[in-house]
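Chain by chain, the residues:
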Amino acid sequence: MQLELKAFLLLTDAVMITDEEGVILDVNSVYVTKTGFSRESTIGQPARLLMDTHWRGNQTWSGVAKLMKVDQEVWEAQVTITSVHLDDSLFYISIFNDEFL
């Protein structure tokens, strides 16, 4: 578990983890830096991504998403969302990269 935590913390892309209902369980420091929202104010909130497709399910999706920053500016990034089954629960891991847009 320590290795997974270190990898999560050291990623250079923004990461958001949600439960099956889309409630944010955690974000990394890059997400905090890019959006301006604190980790504490983000956890427990619904994930609201404006994506170029309607996606939900047990698969991986990649495309462009728009997120609102704390200052109401729109942040656009390439996002990959992957569903992960752990025990009897379903989670979604979203990785955001804005370097190539």
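Analysis parameters
- Residues numbered from 1 in each chain as written.
- Predicted model: local features only at pLDDT ≥ 70, side-chain atom pairs only at ≥ 80, totals over all residues.
- Heavy atoms only, no water.
- Helix = DSSP H or I, 4+ residues; strand = E, 2+ residues; numbered from the N terminus.
- Buried < 20%, exposed > 50% of the residue type's maximum accessible area, 1.4 Å probe, protein only.
- Polar contact = N/O pair within 3.5 Å; in protein donor to acceptor, adjacent residues only side chain to side chain.
- Core = buried A, V, L, I, M, F, W, Y, C linked by side-chain atoms within 4.5 Å.
- Phe/Tyr/Trp six-rings, centres within 6.5 Å; stacked < 30°, edge-to-face > 60°.
- pLDDT = per-residue confidence, 0-100.
- Pairing = 2+ DSSP bridges.

How should I be thinking about the overall build of the chain in this particular structure?
Looking only at helices and strands, the chain features 3 helices and 6 strands. Listing the helices and strands of the chain from first to last along the sequence gives α-β-β-α-α-β-β-β-β. Burial analysis of the chain (101 residues in total) assigns 33% to the buried set.

What's the story with the side chain of D26 in this structure? I'm lost.
Mapped onto the fold, D26 is located in strand β2 (residues 24-27). By relative accessible area, which is 17% here, D26 ends up buried. Of note is the side chain of D26, whose polar atom sits 2.7 Å from the side chain of R39.

It is not clear to me how the nonpolar core should be interpreted in this structure. Could you clarify?
Here is a general trend for soluble globular proteins: nonpolar side chains tend to be buried in one another's company. Among the nonpolar cores identified, the biggest contains 16 residues, and A14, M16, Y31, W75, V79 and F96 are the most heavily contacted of them. Only β1 (14-19), β2, α2 (29-35), β4 (60-68), β5 (74-86) and β6 (89-97) provide two or more residues apiece to this core. Looking at this core element by element, the count peaks at 4 residues for β5.

Can you walk me through the packing of aromatic side chains in this structure?
To describe a pair of aromatic rings, you give the distance between the ring centres and the angle between the ring planes. Tallying each qualifying case throughout the model produces 2 aromatic pairs. Between Y31 and F96, the aromatic rings sit 6.1 Å apart at their centres with planes inclined by 55°, giving tilted as the arrangement. In this pair, Y31 sits in helix α2 while F96 sits in strand β6, placing the two residues 65 residues apart along the sequence. The exposure classification of Y31 matches that of F96, with both residues buried. Both rings, one in W75 and one in F96, keep their centres 5.7 Å apart while their planes meet at 45°; by these two values the pair is tilted. Of this pair, W75 sits in strand β5 while F96 is found in strand β6, placing the two residues 21 residues apart along the sequence. In this structure F96 comes out as buried when scored by relative accessible area, which is 1%. Through successive ring pairs, a cluster of aromatic residues spans Y31, W75 and F96.

Teacher, can you tell me more about the confidence of the model for the chain here?
As a note on interpretation, predicted positions should not be read in detail where pLDDT is low. Predicted confidence across the chain gives a mean pLDDT of 85, with 86% of residues reaching 70 or more. For the chain, strand β3 (residues 50-51) is the element with the lowest average pLDDT, namely 54, and helix α3 (residues 39-42) is the one with the highest, namely 94.

How should the pairing of β4 be read in this particular structure?
On a regular strand, one side chain projects to one face of the sheet and the next to the other, so that they alternate. Judged from the 9 bridges that link them, β4 and β5 form a sheet pairing that is antiparallel. Paired with M68 across the two strands is V74, which belongs to β5. In sequence, β4 turns back onto β5 through a hairpin of 5 residues, with Q72 there showing a positive phi of about 75°.

Explain the pairing of β1 here, please?
Here 6 bridges tie β1 to β6, and the two strands are oriented antiparallel to one another. The residue of β6 that forms the bridge with V15 is I95. As paired strands, β1 and β2 are joined by 3 bridges and run antiparallel to one another. Within β2, the position partnered with T18 by the bridge is I24.

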